[in-house]
Amino acid sequence: PVPASASAANGATLPAGTAAGSIALLEVFPTTGLQWESGGSLRISLRGIRGRSYRMSISDNLVDWMPVTQGTVDESGILEAIDPTAGGAGRRFYQWTRLAP
């Protein structure tokens, strides 16, 4: 059985349903804008580290992820990416991964 809560190495309490040994540290990147484009595409703006590259992946189940695009954050600290198939998706989850320099 999964315990009611678990403790991370740094002492933080993790939510119920988190099994020991299955924890991954996540880096959170703020999304600064969402805009529907013609044809059902979705433009997503990410605030990131200037000059760093990121990959955007999509999933409809939080298990299987498919890379869609990648790019580099501009001088304003923003990276814009487009999901060309968002309009036809019933639900969609987005994951940003910072790529190695």
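Here, every reference points to the structure presented above.
Overview of the structure. None of the values given here were measured: they were computed from a predicted structure.

Below, the discussion takes up the overall build of the protein chain. Each helix and strand counted, the protein chain has zero helices and eight strands in total. Burial status across the protein chain gives 24% buried among its 101 residues. Pairs at least 24 residues apart make up 51% of the contacts formed inside the protein chain by residues separated by at least 6 positions.

Looking at the element boundaries, Phe29 is found in the loop between strand S2 (13–14) and strand S3 (31–36). Since its relative accessible area comes to 13%, Phe29 is described here as buried.

Strands pair in a sheet through their backbones, by hydrogen bonds, and they do so in one of two ways: parallel or antiparallel. Ordered in space as S3-S4-S7, the three strands form an open sheet in which the pairing is antiparallel. Looking at strand neighbours, the two that pair on one side only are S3 and strand S7 (78–83), the edges of this open sheet. Direction aside, the axes of adjacent strands within the sheet are offset by 20 degrees on average. Judged from the five bridges that link them, S3 and strand S4 (residues 42–47) form a sheet pairing that is antiparallel. Bridge pairing links Leu34 to Ile44 in S4.

The phi angle at Leu62 is positive, at roughly 65 degrees, despite the residue not being glycine. Mapped onto the fold, Leu62 is located in the loop between strand S5 (53–59) and strand S6 (66–72).

From the end of S3 to the start of S4, which pair antiparallel, there are five residues, and Gly39 there has a positive phi angle of about 85 degrees. Two strands pair when backbone bridges link them, and S4 and S7 are joined in this way by six bridges, in the antiparallel orientation. From the neighbouring strand, Arg43 faces S7, where its bridge partner is Ile82.

Cut-offs applied
- Sequence order as written defines residue numbering, which begins from 1 separately in each chain.
- Per-residue local features are limited, in this predicted model, to residues with pLDDT of at least 70; the limit for side-chain atom pairs, both in listing and counting, is 80 or more; totals at the level of whole chains, interfaces and linings are taken over all residues.
- By convention in this description, side-chain values take in all heavy atoms of the structure and omit both hydrogens and water.
- By definition, any uninterrupted DSSP run of H or I lasting at least four residues is a helix, any uninterrupted run of E lasting at least two residues is a strand, and each is numbered from the N terminus.
- Burial classes: relative accessible area under 20% of the type maximum marks a residue as buried, over 50% as exposed, and values in between as partly exposed (1.4 Å probe, protein chains only).
- Contacts are residue-level and defined by heavy atoms, with any inter-residue pair within 4.5 Å sufficient.
- Strands are treated as partners if at least two bridges between them are detected by DSSP.
- For helices, the fitted axis covers only the stretch in contact; all axes are lines through C-alpha atoms, and the angles between them, taken along N-to-C directions, range from 0 to 180 degrees.

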